[in-house]
Protein chains: 2
Amino acid sequence: MSKHPIPFSTLGRLADPPVISNLMAVALENPSLLSLAAGFTNTQTLPKETVRDAVVQLSTSGKEAEYLQYGTTQGRLGLRKFLSKRLSWQDQHQSPAYHPHNFMLTNGSQQALYLAMQVLCDPGDIVLVESPSYFVFLELLKGLGIEAIGIPVGPTNETDPEGMRDVIRKLKAEGRIERLKAVYLQAWYANPSTRSLTRSNLAALASVLEDEGLELPVLEDGAYRDLYFDEAHPAPSILAMPEWDAFPRLYFGTFTKPFATGLKCGFAVCDHEALRDKMLHIKGHQDFGSAHFPQAILQVVVENGSYDKLLEGLRKSYFGKMQLLHGELLEEGIEELDWSWDMPEGGLYLWLTGPEHLDTSIESEFCKAAVDAGVLYVPGDLCFAPGGPKNCMRLSFGVLNGDDLREAARRLAKVMRDFS
Amino acid sequence: MSKHPIPFSTLGRLADPPVISNLMAVALENPSLLSLAAGFTNTQTLPKETVRDAVVQLSTSGKEAEYLQYGTTQGRLGLRKFLSKRLSWQDQHQSPAYHPHNFMLTNGSQQALYLAMQVLCDPGDIVLVESPSYFVFLELLKGLGIEAIGIPVGPTNETDPEGMRDVIRKLKAEGRIERLKAVYLQAWYANPSTRSLTRSNLAALASVLEDEGLELPVLEDGAYRDLYFDEAHPAPSILAMPEWDAFPRLYFGTFTKPFATGLKCGFAVCDHEALRDKMLHIKGHQDFGSAHFPQAILQVVVENGSYDKLLEGLRKSYFGKMQLLHGELLEEGIEELDWSWDMPEGGLYLWLTGPEHLDTSIESEFCKAAVDAGVLYVPGDLCFAPGGPKNCMRLSFGVLNGDDLREAARRLAKVMRDFS
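Residues numbered from 1 in each chain as written. Chains lettered and ligands numbered in written order. Predicted model: local features only at pLDDT ≥ 70, side-chain atom pairs only at ≥ 80, totals over all residues. Heavy atoms only, no water.

### A word on the relation of the copies chain B and chain A
Worth spelling out the cut-off: Superposing copies: least-squares fit, C-alpha atoms only, residues required to have pLDDT of at least 70 in both. Contacts were defined at the residue level, with two residues in contact if any of their heavy atoms lie within 4.5 Å.
Of the transformation placing chain B onto chain A, the axial shift is 0.0 Å and the rotation is 180°, giving an RMSD of 0.0 Å. On the angle and the small slide along the axis, the relation comes out as a two-fold axis. Here 100% of the interface residues in chain B have copies in chain A that are interface residues too; the copies meet face to matching face.

Right, here's the structure in full:
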């Protein structure tokens, strides 16, 4: 029976369907469609045996099944201790910032991003993001009524410190600088740009913010940090950089992409006590702790070394898939049609820029033609703060197998030719 | 190094430590302390083997390890289908309200409660709750800046419809009725009152709301519904009651208490399309789906019947523990000291009311004496909207074993004697 309309809250009124829900619905209706859109991981390499062995080990330890009991809001201490050591080792740096007390385990790093934004921003506030940035984070901001403003890209494809200064000065001139609450960066194989930030780039960003008197909370997303192909990108996290010492720092990481998305375990590290505590208090209201069992499984696999062993294989596997998609696109000759991309050094994506006039956005003729041709991509305009270009796309090589990747590339190239 | 203070958001400023965090800290520091406070489940009866067998079965199915891949924001369809059938069977009722499409799987039912409140209420809005009500829900409301107002208890310990009418008329007189956004009820073995609502009580509540022109969203929490001791409480959910047909209805359930808290899987059913969709959109921003692996495990155990088999044992186990705590308190003679309680028919708690003048609140001398005597309880005042009584307490028999339950009861009775 039909019900009365409800006078929803501000958040309720802001809550819109995900921008790619149409694409997702199309994909569900047509299983022969090949999706280069979804950021899923490779199902073949999911750690079936490793997870099973960990569960069997937990169940035969002879101890109580505490791993099936509630955990804490902050998350399993043993896993936080591991993460503390590992991050400190990755950064080649030791400081109180890495104390396990500063870590929280969340329902994917997404939840930690959400908590941070809840604590820091009211509707109408502003967050600076890279150009492009993670489109699910941009949606999260929109859902909370937060305005994203893009930091321009500089001449060497860096996140431009002087461009950021211009944005800040414009906000000052407009009398809106008080609404600026945080900066969001992805330093490793960013989704979708695949770009990594150099140490000097990161230092220059800190210096401009300091210059402008804005020691704002800074969010650094390391979701793809472990998924390099050959060698780890040399920059440490901002936690290890003295240039960022005066800033409230949040670092985000995850076990989803580098281990198993189905365990949905991410984490945040925060070196600002009040910020960390408030995020935890809100997490207490939201769920008083993420699922404890996946955390216990992860503790087993990180402690017995299977996590790192699996990662080695995963890196090779994704490297191979990236080369395959990259190679197929080259072979299809789309470079000559004015499509370009950087060969990534890690992550799960290719980021393509097409001819300047071309519109690949979700309502475009190009996008419809791609769906008709049986291939999906993430329209690049979704990855920019309002006003960004419309001629880009994100292609994921995570989930499709080799043959399907090749076929998807061929289908996409045909559409590109048709629109050239 | 010390950081600048951050100008937190409205939510950030509202985020306070959990009210029982002091008690929790005391418990951590003193392991010899016996806690009748924590709502944990019995560690001995946690389904170690069942979970292990389900994981082994999943891993040897020969199919792809899709259960380790991302799930959907709404949750695993197979499990939602089971829940749809089961709830319809429990309610002995069939209607479109039970369609799997109306179900969402969440990080405990707590997350579903949080999502509902985010969608329905702005800071300053009002929700009607029972007296007493679930203290973690009351904290959630406080954290979102929502005011809880208690519905009085009637002469037969029911949630009093005419008392609710008085509250509503008072809000109308104060010009605040527009801020009233929802009603929250617990119909089965409520936490902490242990009370169940009869069908006629529920119908009368609907009738008063309708009378007063308030077809508000109603939240019915069935967290303990499966945990009856002997026979299931006969009332169906509000989804099955025509008296509630005109209201947007939300029903909340969970696998945490009746199966394993560590899997942290709860659910909500919502028969108001826009409300359900908006909750899902916000969940999309919060975590785009709870952990998929626990959902897959649960689907195995509900489909192969081990869930219901385990429940049988669990009911007996908790019935025994309830009788033990109940019996020990009787034996200690605290009834003669003016302490009273109803013997519950399900759930994990006893709800004790003490002498009228006694203050058992968290800062009270009584509470301090209990901690000194080595026993913890949940102070009852935390379970009331502001202005409630201070002479109650919630005792949980979920987690302690028999000997510890007896000893905890003896310690508590001694304090009661000292304060009589």
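### A word on the nonpolar core
Generally speaking, soluble globular proteins have nonpolar side chains that are buried together. As a reminder, the rule being used: Side-chain atoms within 4.5 Å are what join buried Ala, Val, Leu, Ile, Met, Phe, Trp, Tyr and Cys residues into a set we call a nonpolar core. Under the scheme applied here, a residue whose accessible area is under 20% of the maximum for its type counts as buried, over 50% as exposed, and between as partly exposed, the area being computed with a 1.4 Å probe on protein chains only.
One finds M117 of chain A together with M117 of chain B to be the most contacted residues of the largest nonpolar core, which totals 302 residues. In contact with M117 of chain A, not counting residues within four places along its chain, are V127, F137, L140, L141, L144, I146, A182 and L219 of chain A.

### With respect to the sheet that holds strand β5 (residues 180–186) of chain B
Residue and element names in this part refer to chain B. Note the following rule: Criterion used throughout: strands pair if DSSP finds at least two bridges between them. The numbering of helices and of strands both runs from the N terminus, where a helix is a DSSP run of H or I of at least 4 residues and a strand a run of E of at least 2. For every element, the axis is a line fit to its C-alpha atoms; helices are fit only across the contacting stretch, and the angle between N-to-C directions ranges from 0 to 180 degrees.
Taken in spatial order, the 7 strands make up an open sheet running β2-β8-β7-β6-β5-β3-β4, and their pairing is mixed. Since the sheet does not close on itself, it has two edges, and those belong to β2 (103–107) and β4 (147–150), each with one partner. Sheet twist, expressed as the mean angle between neighbouring strand axes with direction ignored, is 25°. Seen against the sheet, helix α9 (residues 273–286) touches β2, β7 (249–254) and β8 (265–270) and runs at an angle of roughly 35° to β2.

### Here we look at the pairing of strand β12 (residues 392–396) of chain B
Residue and element names in this part refer to chain B. In terms of burial, β12 is a largely internal element, 5 of the 5 residues being buried. A two-sided burial pattern is seen for β12, the buried positions comprising C392, R394 and S396 on one face and M393 and L395 on the other. Bridge count for strand β9 (residues 349–353) against β12 is 5 bridges, and the pairing is antiparallel. Paired with T353 across the two strands is C392, which belongs to β12. Both strand β11 (residues 378–379) and β12 contribute to a ladder of 2 bridges, which runs antiparallel. Of the residues in β12, the one forming a bridge with P379 is M393.

### Here we look at the pairing of β7 of chain B
All names here are of chain B. Taking burial as the measure, the 6 residues of β7 include 6 buried ones, the bulk of the element. Burial along β7 is two-sided: R249, Y251 and G253 facing one way and L250, F252 and T254 facing the other are all buried. Sheet topology places strand β6 (residues 218–221) next to β7; 4 bridges connect them, and they run parallel. Along β7, the bridge assignment pairs D221 with F252. The pairing of β7 with β8 spans 5 bridges and is classified as antiparallel. Bridging across to β8, T254 finds its partner in G266.

### Some thoughts on the side chain of S396 of chain A
Residue and element names in this part refer to chain A. Defined as follows: Under this definition, polar contacts are N or O atom pairs within 3.5 Å; protein pairs additionally need one hydrogen-donor-capable and one acceptor-capable atom, and for neighbouring residues in sequence, both atoms have to be side-chain atoms.
Positionally, S396 belongs in strand β12 (residues 392–396). On the basis of relative accessibility, which here comes to 1%, the residue S396 falls in the buried class. Among the polar contacts listed, one links the side chain of S396 to the backbone oxygen of A38, at a separation of 3.1 Å. When residues no more than four places from it in sequence are discounted, the contact partners of S396 are L36, A37, A38, G39, F40, L348, Y349 and L405.

### Concerning the side chain of R225 of chain A
Residue and element names in this part refer to chain A. Locating R225 in the fold gives a position in the loop between β6 (218–221) and β7 (249–254). For R225, a relative accessible area of 7% gives the class buried. A polar side-chain atom of R225 sits 2.6 Å from a polar atom in the side chain of D91. Once residues within four sequence positions are removed from consideration, R225 is found in contact with L87, Q90, D91, W188, Y189, A235, P236, S237 and Y251.

### Digging into the packing of helix α5 (residues 108–120) of chain A against helix α6 (residues 135–143) of chain A
Residue and element names in this part refer to chain A. To be explicit about the condition: The crossing is said to be left-handed when, going from far helix to near helix, the turn is anticlockwise and less than a right angle, and right-handed when the turn is clockwise. All residues other than Ala, Val, Leu, Ile, Met, Phe, Trp, Tyr, Cys, Pro, Asp, Glu, Lys and Arg, Gly among them, are scored as polar; the first ten of these are nonpolar and the last four charged.
Relative to each other, α5 and α6 sit at 35°, their axes nearing to 11 Å. Our pair here, α5 against α6, has a crossing hand that is right-handed. Note on element contacts: α6 touches α5 through V136, F137, L140 and L141, opposite Q110, L113, Y114 and M117. Of the residues contributing to the contact of α5 with α6, the split by class is 7 nonpolar, 1 polar and no charged.

### With respect to unusual backbone geometry
All names here are of chain A. The omega torsion across N191 and P192 is 10°, close enough to zero to call that bond cis. By the element assignment, P192 lies in the loop between β5 (180–186) and α8 (199–211). Phi is positive for T194, close to 70°, though the residue is something other than glycine. Here T194 is to be found in the loop between β5 and α8.

### Details of helix α9 (residues 273–286) of chain A
All names here are of chain A. Cut-off, in case you're wondering: A helix is expected to span 1.5 Å multiplied by its residue count minus one.
A rise of 1.5 Å per residue sets the reference length of α9, with its 14 residues, at 20 Å; its end C-alpha atoms lie 20 Å apart and thus fit the reference within 8%. Most of α9 sits inside the fold, with 11 of its 14 residues counted as buried. Residues of α9 that are buried include every one of L275, R276, K278, M279, L280, H281, I282, K283, G284, H285 and Q286, and no others. Just downstream of α9 lies F288, where phi reads positive at about 35°.

### Structural notes on the environment of K85 of chain A
Residues and elements named next belong to chain A. Position of K85 among the secondary structure elements: in helix α4 (residues 77–91). Among the residues examined, K85 registers a relative accessible area of 66% and is labelled exposed. Spatially, the C-alpha atom of K85 lies 34 Å from that of I126, the residues being 41 residues apart in sequence.

### Points about the pattern of salt bridges
Residues and elements named next belong to chain B. Put simply, the test is: We define a salt bridge as a side-chain nitrogen of Lys or Arg found within 4 Å of a carboxyl oxygen belonging to Asp or Glu.
For the structure shown, the criterion picks out 57 salt bridges over all chains. Across the pair D125 and K181 runs a salt bridge, and its minimum N-O distance is 2.8 Å. You can see D125 sitting in the loop between α5 (108–120) and β3 (126–129) and its partner K181 sitting in strand β5, a full 56 residues away along the chain. The exposure class assigned to D125 is buried, which follows from its relative accessible area of 0%. Residue classification places K181 among the buried residues on the basis of a relative accessible area of 13%. In this structure, the salt-bridge partner of E212 is R165, at a minimum N-O distance of 3.0 Å. Remark: R165 occurs in helix α7 (residues 161–173) and E212 occurs in the loop between α8 (199–211) and β6; sequence separation between them is 47 residues.

### Section: the interface of chain B and chain A
Rules: Note on definitions: buried area is the accessible-area loss of two parts on being combined, 1.4 Å probe, summed for both.
Contacts between the two partners involve 89 residues from chain B, matched on the other side by 90 residues from chain A. Of the roughly 7,300 Å² buried at the junction of chain B and chain A (both faces included), carbon and sulfur atoms supply 60%. The interface formed by chain B and chain A contains 0 salt bridges. For the pair chain B and chain A, the interface holds 46 residue pairs in polar contact (both at pLDDT 80 or more).

### Focus on the packing of aromatic side chains
The way to describe two aromatic rings as a pair is by their centre distance and the angle between their planes. Applied cut-off: Paired rings are identified among Phe, Tyr and Trp, the last through its six-membered ring, by centres lying within 6.5 Å, and are further divided according to the angle between planes into stacked (under 30 degrees), edge-to-face (over 60) and tilted (the rest). Our definition puts a charge over a ring when NZ of Lys or CZ of Arg is within 6 Å of the ring centre and also within 35 degrees of the ring normal.
Enumeration over the complete set of coordinates arrives at 37 aromatic pairs over all chains. Ring centres 6.0 Å apart and planes at 50° place the aromatic pair W351 of chain B and F384 of chain B in the tilted group. Taken together, the residues W351 of chain B in strand β9 and F384 of chain B in the loop between β11 and β12 connect sequence positions 33 residues apart. Each member of the pair, W351 of chain B as well as F384 of chain B, carries the same accessibility label: buried. Taken together, the ring pairs connect F103, W188, Y251, F255, F259, F267 and Y307 of chain A into an aromatic cluster. Sitting over the face of the ring of F8 of chain A, K278 of chain B holds its NZ or CZ atom 5.4 Å from the ring centroid. R315 of chain B extends its terminal NZ or CZ atom over the ring of Y228 of chain B, reaching a point 3.9 Å from the ring centre.

By themselves, these observations are geometric and do not establish any function.
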